Structures are given as structure tokens and as C-alpha cells.
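# An overview of the molecular structure
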Amino acid sequence: MNEKQIEAALSGLSQQRPRAPTASIDDMVRTVVLLQKVRRQRMGITADPKPQPKKQLSAGTPVKDKNKTL
């Protein structure tokens, strides 16, 4: 092989990206969900954990006082 052929082969290979079939990804997701359910049952957790509500910060109501100056 000469240098041009090697460069062409390497550039062609660099454009190839392995992709997992969607069916196997779906199977993996189902397996993870099933394993989580089994783990919860073994640990005695009956309900799915609910996400904690995010706390909202507020500055409160401003106090208007004419005697205060900066």
C-alpha cells in the first residue's frame, strides 16, 4: 500500500462510528428498571421515591422606611 491508500483507508475508518441497536438499548433500560424494583422490594421500600421539591429563595417583602438612609 502506498501513502495515499493508507490515508484514504484511515480517513474512511475515522468516519465510522459504532452504534448500538435501539432494541438492545430498550432491553437494557427495562432490565435496569426491573432491577431497581427488585432492590426496593428487598430493602422494604414500598413506594417509588418522590423527587424533592426545589426550594425557592425569595427576598421577602421590602420594608419601606423613610428614616433609613444609605
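Above this text is the structure in question.
This report concerns the structure included in the present document. (Residues numbered from 1 in each chain as written. Predicted model: local features only at pLDDT ≥ 70, side-chain atom pairs only at ≥ 80, totals over all residues. Heavy atoms only, no water.)

In this section: helix α2 (residues 22–43). Between its first and last C-alpha, α2 extends 32 Å over 22 residues, near the 32 Å set by a 1.5 Å rise per residue. Once α2 finishes, Gly44 follows within two positions and takes phi at roughly 90 degrees, a positive value. (Helix = DSSP H or I, 4+ residues; strand = E, 2+ residues; numbered from the N terminus. Expected span 1.5 Å × (residues − 1).)

Okay, a nonpolar patch on the surface next. A surface patch of nonpolar side chains, amounting to about 470 Å² of accessible area, comprises Met1, Ile6, Leu10 and Leu13. Structurally, Leu13 can be placed in helix α1 (residues 3–14). Note on Leu13: relative accessible area 60%, which makes it exposed. (Patch = residues over 30% accessible without salt bridge, like charges linked within 9 Å, V, L, I, M, F, W, Y side chains within 5 Å. Areas by Shrake-Rupley, 256 points an atom, 1.4 Å probe, with all protein chains shown as cover. Salt bridge = Lys/Arg side-chain N within 4 Å of Asp/Glu carboxyl O. Buried < 20%, exposed > 50% of the residue type's maximum accessible area, 1.4 Å probe, protein only.)

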